[in-house]
Amino acid sequence: MAFIKVTDISHHPIYVNTDHIVTVEEDGTHTRIDLDADTDHDKYIHAQESVEQIVAAIKASSM
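Here is what the cut-offs are and how they apply
Residues numbered from 1 in each chain as written. Predicted model: local features only at pLDDT ≥ 70, side-chain atom pairs only at ≥ 80, totals over all residues. Heavy atoms only, no water. Phe/Tyr/Trp six-rings, centres within 6.5 Å; stacked < 30°, edge-to-face > 60°. Lys NZ or Arg CZ within 6 Å of the ring centre and 35° of its normal. Helix = DSSP H or I, 4+ residues; strand = E, 2+ residues; numbered from the N terminus. Polar contact = N/O pair within 3.5 Å; in protein donor to acceptor, adjacent residues only side chain to side chain. Contact = heavy atoms within 4.5 Å. Salt bridge = Lys/Arg side-chain N within 4 Å of Asp/Glu carboxyl O. Buried < 20%, exposed > 50% of the residue type's maximum accessible area, 1.4 Å probe, protein only.

A. Focus on the packing of aromatic side chains. Summed over all chains, the structure comprises zero aromatic pairs. Stacked on the ring of Y44, the Lys or Arg R32 has its end atom at 4.0 Å from the ring centre.

This is the structure:
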């Protein structure tokens, strides 16, 4: 289990368990990190970091 630190659009740091990340995509000026969850609930985080920064952090966390 690995965690990455991102900053949400309200400037709060959030530590995300990389095992629960499903997709990372651009969403306007932010990045949307979709998390696995119940099918009834859509769980995601809007982060200030770019897609490339988040993907690099995920790769670095798995080393």
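The discussion continues.
B. Structural view of unusual backbone geometry. We note that H11 has phi near 70°; this positive angle belongs to a residue other than glycine. Within the element layout of this structure, H11 appears in the loop between strand 1 (3–7) and strand 2 (13–17).

C. Structural detail: the side chain of D8. Here D8 is to be found in the loop between strand 1 and strand 2. Side-chain polar atoms of D8 contact the backbone nitrogen of H12, separated by 2.8 Å. Residues within four places of D8 in sequence aside, it is in contact with I14, H46, A47 and Q48.

D. Structural view of the pattern of salt bridges. Inspection of every chain in the model, using the stated rule, returns two salt bridges. R32 is the salt-bridge partner of D42, the closest N and O atoms lying 2.9 Å from each other. Pair noted here: D42 is in the loop between strand 4 (30–35) and strand 5 (43–47) and R32 is in strand 4, with a separation of ten residues, a long-range link. Accessibility expressed as a relative area gives 18% for R32, which makes it buried. One continuous salt-bridge network, built from bridges that share partners, spans R32, D34 and D42.

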